[in-house]
Amino acid sequence: MNSSPLPNGRLLPDSQSWNSSGSDEDLEAEPVPGLHGGVVEFSGVLSKWTNYIHGWQDRWVVLKNNTLSYYKSQDEREYGCRGSLCLSKAVITPHEFDECRLDISVNDSVWYLRAQDPEHRNQWIDSIELHRAESGYGSESSLRRHGSMLSLTSATSGYSATSTSSFKKGHSLREKLAEMETFRDILCRQVDTLQKYFDGCADAVTKDELQRDKIVEDDEDDFPTTRSDGEFLHNNNGSKEKLFQSLSHKGINGIDFKGEAITFKATTAGILATLSHCIDLMVKREDSWQKRLDKEMEKRRRVEEAYKSALSELKKKSHFGGPDYEEGPNSLINEDEFFDAVEAALDRQDKIEEQSQCEKSRIQRNSSVSAGDVYTSVGTHRFSEKVEEMVKNHLTYSLQDVGGDANWQLVVEEGEMKVYRREVEENGIVLDPLKATHCVKGVTGHEVCHYFWDTDVRNDWETTVENFNIVETLSDNAVIVYQTHKRVWPASQRDVLYLSAIRKILANNENDPDTWLVCNFSVDHEKAQPNNRCVRAKINIAMICQTLVSPPEGDKEISRDNILCKITYVANVNPGGWAPASVLRAVAKREYPKFLKRFTSYVQEKTAGKAILF
């Protein structure tokens, strides 16, 4: 009869079954609730991290039948989901710092999700855990349901592995254990036989003693004589009476005591020999398993070292894809990696801009330059006084020399262009004022300021702006503009809302140069409120252009060779956010000179061959 091994080494007939929990409820699989409507479907809008370009995007997320799916919107459910995760083996991690965020990972796939508030996040986490529990995963009932067969399989697999012909030591041990079972049965029978023998001997001795006492009491004066054959005879009647029965070689009840003793001795000797053999086999098996254990431990050590090495290499990379490595108060990326990533992104943008510059040059946009009289007045609108104040401040302070106690530092000098900076920080945010001076031949201050202010040609020379729109037109020379700048990962995307005004400054005397000014400063507007997708930057920028004319020889007319535009560019920018100060200063040092060179080259190209406009 076939048998199955028990944990204690005994054998159990196949007609019986063994389960790990020892309870009857494991013998029959329980129905799994929730897979047929036991748990209510849960759905709603969550922000999902897409990539470093688009960042967080709203998605319609559905939790149903232990599966999490997402759609671009609720209206697109009929077209099928864009992705799904089975939550059976998913790991749900609430973010340590962001109270609205939760991360769901299955193997190498990770979804970064954000709810609109902490309460909604907790609702999603509770719903996910409920689905997981009801589907038979992540609860005690699931361990009871799915554990029995697994435990039985694991128990028998280890046994069967040692029973194969390839593992002779395990086969020998099995035979010896079977021998031990046989010896045990024999020994039990022998012990029963010997016990019967000893019980019979005890009964016989007791009967003989009682009979002897009775004879002594009845015949006190008559003493029996003893014969050589061991029988006692009574003297009165001379009859033979056996007082004590002698034991024959068969013993009591026909038990061969000598034979049983020899067999008992042989059985115990066999048991001792088999036990000795079993001990030897187990010692050999222990040595074999110890060697296997040592090999497995060595493999584990190597895997752990490889894991640590891979993790270390991953941390060294600067192109992390998750939201934990973007700009923020708890960013996992260090300052050096932040700078390397920003620099690499700017280099890519420069290459893209070079490729698209040829295409832009083919498209000729007509930008009509209005007469100077239009720009001499401030205009009448609700920001008139603010514009006038800004214009006066820039004319007073922006044209001052960079020497003295202002602590201006020369950071870039390329030909006629010089860029100065003063290091200023407020609450850890870099607010360095920047001042640049440049001289450009062949253009007037009116032309330079016009192209700087005109939004129709903004995209022709501005490479950092992603999109912009005019929120409100205040007058012919003042508009409110909202624009978003291209994101440079891992920095957050910036937007800015500002009033842009162009002015012609009236000369106090005939010797003063023709002066034009464009000032851009941040304002608030109900149609362009801050949002959580961009960091709102604050700016106060001025471009002041003075036209210097050298008289032509003789009676020649003034040409572009006789004019020179002196440009003074001042920028006070509060970028907001949490970008490292060293990165912001390095980017400003790199990008501002490039911007001035690019813009002035564009103005020279646009005005070449055209009539001079003062």
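(A) Fine view of the packing of aromatic side chains. Here the structure, examined in full by the defined rule, presents 12 aromatic pairs. When the centroid spacing of 5.7 Å and the interplanar angle of 70° are considered together, the rings of W49 and W56 count as edge-to-face. Joined through ring pairs, the aromatic side chains of F452, W461, Y569, Y592, F595 and F599 make up one cluster. The lysine or arginine in question, R292, covers the ring of W289, its NZ or CZ lying 4.5 Å from the ring centre.

(B) Looking closely at helix α1 (residues 118–134). Under the 1.5 Å per step criterion, the end-to-end length of α1 is 24 Å for 17 residues, consistent within 8% with the ideal 24 Å. Looking only at α1, the buried set comprises R121, W124, I125, S127, I128, H131 and R132. Burial along α1 is one-sided: seen end-on, the buried residues are contained in an arc of 165°. Turned more than 90 degrees from where α1 packs its buried face, E119 and D126 sit exposed. On its buried side, α1 packs onto β3 (42–49), β4 (56–64), β5 (67–71), β7 (91–94) and β8 (101–106).

(C) Focus on the side chain of E462. Structurally, the position occupied by E462 is in the loop between α8 (458–461) and β17 (465–475). Buried within the structure, E462 lacks any salt-bridge partner; R598 is the closest side chain of opposite charge, at an N-O distance of 4.2 Å. Of the polar contacts made by the side chain of E462, one reaches the side chain of T464; its length is 2.9 Å.

(D) A look at the nonpolar core. Within the largest apolar cluster, 35 residues are counted, with the highest numbers of intra-cluster contacts made by V448, F452, M543, Y569, F595 and F599. Aside from chain neighbours lying at most four places away, what touches F595 is F452, W461, M543 and Y569. Core analysis: the second largest hydrophobic core is formed by 19 residues, A478, I480, L499 and C519 among them.

(E) Highlighting the packing of helix α7 (residues 445–453) against helix α9 (residues 581–607). Two numbers describe how α7 lies on α9: the axes approach to 10 Å, and their chain directions differ by 115°. In terms of their interaxial angle, α7 and α9 are classed as roughly perpendicular. Crossing hand, α7 versus α9: right-handed. Where α7 abuts α9, its residues E447, V448, Y451 and F452 lie against F595, F599, Y602, V603, K606 and T607. Broken down by class, the residue content of the contact of α7 with α9 amounts to 7 nonpolar, 1 polar and 2 charged.

(F) Expanded view of the confidence of the model for the protein chain. A residue-level look at the protein chain finds 74% of positions with pLDDT of 70 or above and a mean pLDDT of 76. Of the regions scoring below 50 in pLDDT, residues 1–37 engages in 42 contacts with residues more than four places distant in sequence or in other chains. Low confidence marks residues 223–250, where pLDDT is under 50. Its contacts with residues over four positions away, or in another chain, come to 37 contacts.

Parameters at a glance
- Residues numbered from 1 in each chain as written.
- Predicted model: local features only at pLDDT ≥ 70, side-chain atom pairs only at ≥ 80, totals over all residues.
- Heavy atoms only, no water.
- Phe/Tyr/Trp six-rings, centres within 6.5 Å; stacked < 30°, edge-to-face > 60°.
- Lys NZ or Arg CZ within 6 Å of the ring centre and 35° of its normal.
- Helix = DSSP H or I, 4+ residues; strand = E, 2+ residues; numbered from the N terminus.
- Expected span 1.5 Å × (residues − 1).
- Buried < 20%, exposed > 50% of the residue type's maximum accessible area, 1.4 Å probe, protein only.
- Arc of directions from axis to C-beta.
- Contact = heavy atoms within 4.5 Å.
- Lys, Arg positive; Asp, Glu negative; His and termini not counted.
- Salt bridge = Lys/Arg side-chain N within 4 Å of Asp/Glu carboxyl O.
- Polar contact = N/O pair within 3.5 Å; in protein donor to acceptor, adjacent residues only side chain to side chain.
- Core = buried A, V, L, I, M, F, W, Y, C linked by side-chain atoms within 4.5 Å.
- Axes fitted to C-alpha atoms, helices over the stretch in contact; angles between N-to-C directions.
- Parallel < 35°, antiparallel > 145°, perpendicular 65-115°, else oblique.
- Left-handed = near helix turned anticlockwise from the far one by under 90°.
- Nonpolar A, V, L, I, M, F, W, Y, C, P; charged D, E, K, R; others polar.
- pLDDT = per-residue confidence, 0-100.

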